[in-house]
2 protein chains.
Amino acid sequence: MTAMTDTTTEFLAACRAAIGAAHVLTEPSDTGGYLTDQRGRYTGRALAVLRPADTGEVAEIVKLCAHYAVPLVPQGGNTGLVLGSVPDQQGNAVLLSLRRLNRIRAVDPINNTMTVEAGCVLQHLQEQATAVGRLFPLSLAAEGSCTIGGNLSTNAGGTGVLRYGNTRELCLGLEVVTAEGEVMSSLKGLRKDNTGYDLRDLFIGAEGTLGVITAAVVKLFPQPLAQVTALVALDTPAQALQLLQLAQSRCASALTGFELMSDFCLQLVCKHFPEQRLPFAQRHAQYVLLELSDSESEEHARALFESVIGDALEQALANDAVIAASLAQSRALWQLRESISMAQAHEGKNIKHDISVPISRIADFIATTDVLVQQAAPGCRMVTFGHLGDGNLHYNVSPPVGVADSAFLGQQSAINLVVHDSVDRFGGSISAEHGLGALKREEILRYKSPVELRLMRAIKQALDPQQLMNPGKVL
Amino acid sequence: MTAMTDTTTEFLAACRAAIGAAHVLTEPSDTGGYLTDQRGRYTGRALAVLRPADTGEVAEIVKLCAHYAVPLVPQGGNTGLVLGSVPDQQGNAVLLSLRRLNRIRAVDPINNTMTVEAGCVLQHLQEQATAVGRLFPLSLAAEGSCTIGGNLSTNAGGTGVLRYGNTRELCLGLEVVTAEGEVMSSLKGLRKDNTGYDLRDLFIGAEGTLGVITAAVVKLFPQPLAQVTALVALDTPAQALQLLQLAQSRCASALTGFELMSDFCLQLVCKHFPEQRLPFAQRHAQYVLLELSDSESEEHARALFESVIGDALEQALANDAVIAASLAQSRALWQLRESISMAQAHEGKNIKHDISVPISRIADFIATTDVLVQQAAPGCRMVTFGHLGDGNLHYNVSPPVGVADSAFLGQQSAINLVVHDSVDRFGGSISAEHGLGALKREEILRYKSPVELRLMRAIKQALDPQQLMNPGKVL
């Protein structure tokens, strides 16, 4: 904690009066979990961690921050990967935890909407939707602890984007506390509303730098009757791309998952989680996990999948394939995909890139960039996997065998530059689904046009003239 | 035309130098078609109509406008319904026609994208998509003459929203000329890009008040193999709502159309277009047009539709139903729906409301509001139809039989107030898919919260400090 000035003491006293002393945390033993990012790379400092109970209390706090010129850092589940929800080292900010705003305010299965507070854990929302016979399709690795407010603030992606879009596409309205501490309530839950500027989408993905999202109306969908999963073995990303075309033309939006994984990814999984096994007799260079969601029946889904995959084998777009025969088998296939990040962590440090390129260029991107990375850092091992159907790869780099983590991480900036310059040449994005946070705010200056940066700064200045909302993030 | 000052003369000379004298129209015989709105209700005045050829020329013009402080009104196909693309009476603005920006810059069927200029006519884009085996699903009555730039600027809806979303959801990136005359080019065509504020969605739906959209990357989809249309007769909007639930749970996203039409709507169609016929032996109070798009086969689509509609009849959610047996029959059913506006025009003047409410409240809204309108204007005839699956109704009011148009239109403000206040009480929007333009900019002040209005004005001030972009629209 920072040495207290009189003003700070006064500010914190006002915070205690606003939300209760029990929810103004200043002891390191209480605040520690909030101030370190989830990968454990960075610990910031703060005047206090504030835990308001509801939107009114959030507004009170933001007004106090505006009055005392205290910066604030909003935080949901603290599962972000780009240091977007932890404070910097200055220690003059407060951390505003939204976790106590965890009520589901309304569920409307006929309108296919759910009105939820920012601190609701994603998995809880999935369960609530299921309970009324609906699907909330946002799904990602951190779903057991991330919050919908964080998902919205970072416009999270995940495995359902191919069919259902990013978090942005799943939101019909927001409640936001502005930098002045006003409550903007736009929770109508309408599919169509063209009455002025799209404020909703401005706050979505702004990583808390323009205001604090306190609640949202999210879309629900009919629950599919059946889901069938398949794993296809093939030789190249280019083949995977052709398989994607085939599967989409035949299954349309019933194709809900299309995940690419290189052989090395799955080798790492089988090495570190020996209970997991690849269902093929021999190894192949690439694998694709496909998921089909069907509204008719399990039989219909299976027949369609068998036909599509049969055609893929016939057209030499696949070397081998298995279709899960049970829910357990289906889970085992997904488990392979979901264990890659963990397996990579067990293997040691790695340099992550969350990139996207146009889908049509993804195979060329991988081939070209693999060569460039090898030139820059010979012997590096590529852990390439991701949401091929969205053009989004987790293009991660593990050190050569025998190279120490510390030596390898010294090359991080150089490797980032090689990868991100290549992304840029392929017309891609250096942050597909994780946001900019504090981690990429400098780097983006190299890739974003001056016009876009100017407009972003003008908007920031207009909505947060005191520059108190999550400073040092995004811009 | 307005009397010319020296500055104006200088400005127009500069415009002629920038885009060629032939494209600076000042003669009333040349400009007339641009200055009157498509319903013929309003004719504005302008210094000139400017027809730049490309983005560079648009930027030149906008720079000149900024330099000479000349307001500009962007216009695409001039098919808008809210006076958003015609100038006001002051005569100090220029009309900027985007129609010459009509190139398709790129088509990428593998990325499922098309890069198009603002002046491309919507139908042309649909045809270009079809030519590469893809679907561009935006579809609306004006598609033969409206432009994609106008569609984007108004976030147009149409009949495909249920499955594919509004125009906003169909756009992956924009090229925009800012109020300062810079070109912001964000035409990457990525499904995922989280690198800062969502500028794209800010310009979409802003009706040209923040900048001029000059090009866009739009999404393409697999072309369905088969489309089957059905017309269902039933008694109440509440039944239609239940039918929607049933059809969506069984068909999921294959249900691509769900249009409600009251009996009176179709009576008007059959009266004014006697070659059109309702395919039922007797009349029913309400009708729903359903469309199913299938990626497997015509047989599969038909079997699914028969099963769903069979269940609807069995569950008494429908009185009667026909499934089109041919493309010609399918077109005839759609023709009924698409002729309503025209039939209503033939019947005389009417007061249009383009409203939305949560889907779950739409039946209650109709019942409640019908009573209120009758109290305000006894004998009025309700022409209620629209995109029930989106919660969007064209809730139009025709005069009582025997009441003259002029007398009836005198009641317009009173009737608007009754309808829009009711919309507001049902948590709806007074402009679902048409925008605000000049027509609803005063009215929205009654329904939009002060916070939202303040944020909108702050953004306008930040991006267009001289207030030259389409003045008098939206805000």
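Computed from a predicted model, the values in this text were never measured in an experiment. (Residues numbered from 1 in each chain as written. Chains lettered and ligands numbered in written order. Predicted model: local features only at pLDDT ≥ 70, side-chain atom pairs only at ≥ 80, totals over all residues. Heavy atoms only, no water.)

K.L.:
Quick one: what's the story with the pattern of salt bridges, residue by residue and with numbers?
P.N.:
Note that side chains of opposite charge can pair when their charged atoms are close. Scanning the entire structure with this criterion turns up 38 salt bridges over all chains. In this structure, the salt-bridge partner of Asp311 of chain B is Arg250 of chain B, at a minimum N-O distance of 2.6 Å. Taken together, the positions of Asp311 of chain B in helix α10 (residues 298-314) and Arg250 of chain B in helix α8 (residues 237-251) put the pair 61 residues apart, joining distant regions of the chain. Across the salt bridge formed by Asp263 of chain B and Arg283 of chain B, the nearest N and O atoms sit 3.0 Å from each other. In this pair, Asp263 of chain B is assigned in helix α9 (residues 263-272) and Arg283 of chain B in the loop between α9 and β14 (286-294), connecting sequence segments 20 residues apart. One network of salt bridges, with partners in common, ties together Arg103, Arg105, Glu117 and Glu175 of chain A. (Salt bridge = Lys/Arg side-chain N within 4 Å of Asp/Glu carboxyl O. Helix = DSSP H or I, 4+ residues; strand = E, 2+ residues; numbered from the N terminus.)

K.L.:
Go over the domain arrangement of chain A with me, naming the residues and quoting the values.
P.N.:
Residues and elements named next belong to chain A. Assigned domains of chain A: these are domain 1 (6-97), domain 2 (104-222), domain 3 (226-341) and domain 4 (348-450). Put simply, the middle of domain 3 and the middle of domain 4, counted by C-alpha atoms, are 25 Å apart. Tallying the contact residues gives 16 residues for domain 3 and 16 residues for domain 4. For domain 3, the biggest contributors to the area lost against domain 4 are Leu241, Leu260 and Phe264; these three give 38% of the whole. Taken together, the connections running from domain 3 to domain 4 amount to 4 residue pairs in polar contact (both at pLDDT 80 or more). Of all elements in the fold, only α8 (237-251), β13 (255-262), α9 (263-272) and α12 (340-347) reach the threshold of two or more residues within the side of domain 3 that touches domain 4. Looking at the side of domain 3 that touches domain 4, its residues break down into 12 nonpolar, 2 polar and 2 charged. (Domains from an automatic or database assignment. Contact = heavy atoms within 4.5 Å. Buried area = accessible area lost by both parts, 1.4 Å probe. Polar contact = N/O pair within 3.5 Å; in protein donor to acceptor, adjacent residues only side chain to side chain. Nonpolar A, V, L, I, M, F, W, Y, C, P; charged D, E, K, R; others polar.)

K.L.:
Kindly report on the sheet that holds strand β18 (residues 392-398) of chain B, identifying the contributing residues and their values.
P.N.:
All names here are of chain B. Spatial ordering of the open sheet is given by β15-β12-β14-β13-β17-β18-β16, a layout of 7 strands whose pairing is antiparallel. The open sheet has two free edges, formed respectively by β15 (320-323) and β16 (354-356), since each of these has just one partner strand. When strand polarity is set aside, the average angle formed by the axes of neighbouring strands in this sheet is 20°. Across 9 bridges, strand β12 (residues 226-234) lies against β14 in antiparallel orientation. (Pairing = 2+ DSSP bridges. Axes fitted to C-alpha atoms, helices over the stretch in contact; angles between N-to-C directions.)

K.L.:
Got a sec to walk through the interface of chain B and chain A? Specific residues and values, please.
P.N.:
Across the boundary between the two partners, chain B contributes 85 residues, which contact 85 residues of chain A. Of the roughly 6800 Å² buried at the junction of chain B and chain A (both faces included), carbon and sulfur atoms supply 54%. For the interface between chain B and chain A, the tally reads 10 salt bridges. At the surface where chain B touches chain A, the tally comes to 46 residue pairs in polar contact (both at pLDDT 80 or more). Every element with two or more residues in the side of chain B that touches chain A is listed here: α6 (161-164), β9 (183-186), α7 (199-203), α8, α10 and α17 (450-463) of chain B. The element best represented in the side of chain B that touches chain A is α17 of chain B, accounting for 10 residues. Its residues assigned to classes, the side of chain B that touches chain A shows 33 nonpolar, 30 polar and 22 charged.

K.L.:
Give a description of the side chain of Arg337 of chain A that names residues and reports values.
P.N.:
Tracing the sequence through the fold places Arg337 of chain A in helix α11 (residues 327-338). Setting aside anything within four residues of it in sequence, one finds Arg337 of chain A in contact with Glu259, Met261, Leu289, Phe385, Gly386, His387 and His394 of chain A.

K.L.:
Explain the pairing of strand β12 (residues 226-234) of chain A to me, and be specific about the residues and the numbers.
P.N.:
Residue and element names in this part refer to chain A. For β12, a buried count of 8 out of 9 residues is recorded, marking the element as mostly surrounded by other parts of the structure. Where β12 meets strand β15 (residues 320-323), 4 bridges bridge the pair, whose relative direction is antiparallel. Paired with Ala233 across the two strands is Asp320, which belongs to β15. (Buried < 20%, exposed > 50% of the residue type's maximum accessible area, 1.4 Å probe, protein only.)

K.L.:
Requested: an account of the relation of the copies chain B and chain A, with residues and values cited.
P.N.:
Put simply, the two copies of the chain differ by a rotation about an axis and a shift along that axis. With an RMSD of 0.0 Å, the fit of chain B onto chain A corresponds to turning through 180° and sliding 0.0 Å along the axis. Here the transformation between the copies is reduced to the relation of a two-fold axis. A high fraction, 100%, of the interface residues of chain B reappear at the interface in chain A, so the copies pair face to face through one surface. (Least-squares fit on C-alpha atoms with pLDDT ≥ 70 in both.)

K.L.:
Break down the UniProt feature "domain: FAD-binding PCMH-type" (unreviewed entry) in chain A for me, with residues and values.
P.N.:
UniProt's entry tags residues 42-223 of chain A with the feature "domain: FAD-binding PCMH-type" (unreviewed entry), counted in the numbering of this structure. Each end of residues 42-223 of chain A is marked by a C-alpha atom, and these two atoms are 40 Å apart; helix forms 21% of the span and strand 25%. (UniProt positions renumbered as here; feature names shortened; annotations may be inferred.)

K.L.:
Any chance you could break down unusual backbone geometry for me, citing the residues and the numbers?
P.N.:
A positive phi angle, near 45°, is found at Asn155 of chain A, a position not held by glycine. Within the element layout of this structure, Asn155 of chain A appears in the loop between α5 (148-153) and α6 (161-164). We classify Asn155 of chain A as buried; its relative accessible area is 5%. The phi dihedral of Asn112 of chain B is positive, around 55°, even though this residue is not glycine. By the element assignment, Asn112 of chain B lies in the loop between β5 (104-108) and β6 (113-117).

K.L.:
Before we move on, can you summarise the sheet that holds strand β1 (residues 24-25) of chain B with the specific residues and values?
P.N.:
Residues and elements named next belong to chain B. Pairing within the open sheet is mixed, and its 4 strands lie in the order β1-β2-β4-β3. Two strands close off the open sheet at either side, each with one partner strand: β1 and β3 (72-75). Of the pairings in the sheet, the one linking β3 to strand β4 (residues 94-97) comprises 4 bridges and is parallel in character. Counterpart to Gln75 in the pairing with β4 is Ser97.

K.L.:
Could you give me a rundown of the packing of aromatic side chains, with the residues and numbers involved?
P.N.:
Applying the stated criterion to the full structure yields 10 aromatic pairs over all chains. Here Phe280 of chain B and Tyr287 of chain B contribute two aromatic rings whose centre-to-centre distance is 5.9 Å and whose plane-to-plane angle is 15°, an arrangement assigned as stacked. A single burial state applies to Phe280 of chain B and to Tyr287 of chain B, both of which are buried. Linked through ring pairs, Phe365, Tyr395 and Phe426 of chain A together constitute an aromatic cluster. (Phe/Tyr/Trp six-rings, centres within 6.5 Å; stacked < 30°, edge-to-face > 60°.)

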